[in-house]
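Commentary on secondary and tertiary structure
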Amino acid sequence: MQPINPQIDPSWRAVLYDEFQQPYFAQLKQFLNDEKKAGKTIFPPYHSYLMPLTLHLSRQCALLFWGRPYHAPGQAMGLSFSVPRGIAIPASLRNIYRELESDLQIAPAKHGDLTAWAQQGVLLLNTILTVEARQAMSHAKSGWQRFSDAVIRILSEQRSGLVFMLWGRPARAKAALIDPSKHHILEAAHPSPLAGNAFQGCRHFSQANAILVRQGLLPIDWSL
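Residues numbered from 1 in each chain as written. Predicted model: local features only at pLDDT ≥ 70, side-chain atom pairs only at ≥ 80, totals over all residues. Heavy atoms only, no water.

On to helix α3 (residues 23-37). Look at α3: 21 Å from first C-alpha to last across 15 residues, which is about the 21 Å you get at 1.5 Å a residue. Inspection of α3 places Y24, F25, L28, K29, L32, N33 and E35 among the buried residues, and these make up the whole buried set. In this structure, the buried residues of α3 make contact with α2 (17-20), β1 (42-43), β4 (131-132) and α6 (144-158). Positive phi shows up at G39, right after α3, with a value of about 85°. (Helix = DSSP H or I, 4+ residues; strand = E, 2+ residues; numbered from the N terminus. Expected span 1.5 Å × (residues − 1). Buried < 20%, exposed > 50% of the residue type's maximum accessible area, 1.4 Å probe, protein only. Contact = heavy atoms within 4.5 Å.)

Below is the structure:
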């Protein structure tokens, strides 16, 4: 069986070692292999499953969670909300850009690639990391939920002063895993159009930067 994304940063590989040895993780790998052998298309591409974990653990400063990857062809790239350049910007991301413009007067980007945020320490993590093409939530019970919970607990335990930006019900449910005495938790509705305008006005971008600056850290350059 192939390992899942052997290119994650060594700092993450070390702290997740015990998790990778758990029976559920072996079952998760087997599930993904069986899906591929059955001819199913899985998103994001194999090498991008754990894309958020390619930056050193110590460089994470803010975390932005979503529930699942995009399931339409060409969209999912391993980072929550992000799509490759040249792909139409999804509606949820357009609403994120609207809030960014309202909050920090940053004009909407012409593309949907959020790699620049990830490179600055924003962990763009889905709670479920894979999906079958055109089958939303098809991998919801595969084991990824337990894995993403482990990532959150590790960050909560081993770091301090992180800004957790939890958007939507699945992400907000993760607040129970975070130590509020050590970290900052910002919650909002999901930016999906299905939530109406409930996301607009949350001002999480400016709030996150203000928190980081108070700690003597550099603010995130949210422009793309």
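Back to the write-up after that little detour.
Along the chain, S11 falls in helix α1 (residues 10-15). Side chain to side chain, S11 and D9 meet in a polar contact 2.6 Å long. Among the polar contacts made by the side chain of S11, one reaches the main-chain amide nitrogen of L57 at a distance of 2.9 Å. Sequence-distant contacts of S11, defined by excluding residues within four places in its chain, comprise L55, H56 and L57. (Polar contact = N/O pair within 3.5 Å; in protein donor to acceptor, adjacent residues only side chain to side chain.)

Once that is clear, we can look at helix α8 (residues 204-214). Of all the residues in α8, the buried ones are H204, F205, S206, A208, N209, I211 and L212. Tucked into the core, α8 has its buried residues touching α4 (91-104), α5 (115-119), β5 (163-167) and β6 (184-188). Two residues or fewer after α8 comes G216, characterised by a positive phi angle close to 80°.

The step from F43 to P44 runs through a cis peptide bond, and the omega angle for that step is -5°. Of note in this structure, F81 is not a glycine but carries a positive phi near 70°. Of note, F81 is situated in the loop between β2 (62-66) and α4. You will see that Q105, though not glycine, has its phi angle at about 55°, which is positive.

It is worth spelling out the packing of α4 against α8 at this point. Axis angle and axis distance: for two packed helices, these are the angle between their axes and the distance between the axes, and together they describe the pair. Between α4 and α8, the shortest axis-to-axis distance is 8 Å and the interhelical angle comes to 60°. Taken together, the axes of α4 and α8 are oblique relative to one another. Judged by residue contacts, I96, E99, L100, D103 and L104 of α4 engage H204, F205, S206 and N209 from α8. Residue classes in the contact of α4 with α8 are distributed as 4 nonpolar, 3 polar and 2 charged. (Axes fitted to C-alpha atoms, helices over the stretch in contact; angles between N-to-C directions. Parallel < 35°, antiparallel > 145°, perpendicular 65-115°, else oblique. Nonpolar A, V, L, I, M, F, W, Y, C, P; charged D, E, K, R; others polar.)

In this section: the pattern of salt bridges. For the coordinates displayed, the defined rule picks out 5 salt bridges. When the shortest N-O distance is used, the salt bridge between E35 and K40 registers 3.4 Å. Classification of K40 as partly exposed rests on a relative accessible area of 34%. Between D103 and R203 there is a salt bridge, with the nearest N and O atoms lying 3.3 Å from each other. (Salt bridge = Lys/Arg side-chain N within 4 Å of Asp/Glu carboxyl O.)

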